[in-house]
Amino acid sequence: MSRIGRMPITVPAGVTVTVAEGNVVTVKGPKGELTRTLRPEMIIKQEGNTITVERPSEDKLHCSLHGLTRTLLSNMVHGVTEEFSKELEVNGVGYRVAKEGKNLVMNLGFSHQVIVPEIEGITIDVPSPNKIVIRGCDKQVVGQFAAEVREKRPPEPYKGKGIKYADEVIRRKVGKTGGKK
């Protein structure tokens, strides 16, 4: 049995979970609403305020889907109650970010400003000129949007300039040495 798949998911107060035909799961909570179609083979049971995921057989596919289905459901419940967030840091001389309306405006050393519009389901906060906080209830959307923002100027290994995750460690390289010949 999958250790993760066996664990029950407790639904907190104020969150409603509905499982429709074909394993279409809708989770509504204080931070938003998420809908996801999960694999129809998996058996999702809801008893009171707990949800359990079971698999129909010990087939290799069902074993691999067991933990995945439970984790996706757990992330949906967590997202509508507490939201997910990614923190990005901007390093470099003259590199800074600001929020203008619903757009994220970044000066990243190019001859022009890089403007990224805020998408649906995501909120962008800029607490300081070199910090970006991306929040949302869908973990996948938050991670994808953070990766797209980071992609505008990824960190380089010599000086560490660019956009990096707050918990990311940049492996630094030694530059050229100006030795005599």
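Quantities reported herein were computed from a predicted structural model and do not represent experimental measurements.

1. Considering the side chain of T69
As for its position among the elements, T69 is in helix α2 (residues 60-82). With relative accessibility at 3%, the residue T69 sits in the buried group. Filtering out sequence-adjacent residues up to four positions away, T69 remains in contact with L38, M42, I44 and V53.

2. A look at unusual backbone geometry
Phi is positive for N23, which is not a glycine, with a value near 55°. Turning to its location among the elements, N23 is positioned in the loop between β2 (16-20) and β3 (24-29). For N23, a relative accessible area of 9% puts it in the buried group. Positive phi outside glycine occurs at E83, with the angle close to 70°. With respect to the helices, strands and loops of the structure, E83 is situated in the loop between α2 and β7 (84-91). Its relative accessible area of 23% is what places E83 among the partly exposed residues.

3. Let's talk about helix α3 (residues 139-151)
Taking 1.5 Å of rise per residue, the 13 residues of α3 would be expected to cover 18 Å, and the 18 Å separating its terminal C-alpha atoms lies within 8% of that figure. Taken as a whole, α3 has its buried residues at V142, F145, A146 and V149. For α3, the angular spread of the buried residues around the axis is 100°, confining them to a single face. Facing away from the buried side of α3 by more than 90 degrees, the exposed set consists of Q140 and E151. At its buried positions, α3 is contacted by β7, β9 (103-107), β10 (114-117), β11 (122-128), β12 (131-136) and β13 (162-165).

Reading guide: rules and limits
Residues numbered from 1 in each chain as written. Predicted model: local features only at pLDDT ≥ 70, side-chain atom pairs only at ≥ 80, totals over all residues. Heavy atoms only, no water. Helix = DSSP H or I, 4+ residues; strand = E, 2+ residues; numbered from the N terminus. Buried < 20%, exposed > 50% of the residue type's maximum accessible area, 1.4 Å probe, protein only. Contact = heavy atoms within 4.5 Å. Expected span 1.5 Å × (residues − 1). Arc of directions from axis to C-beta.

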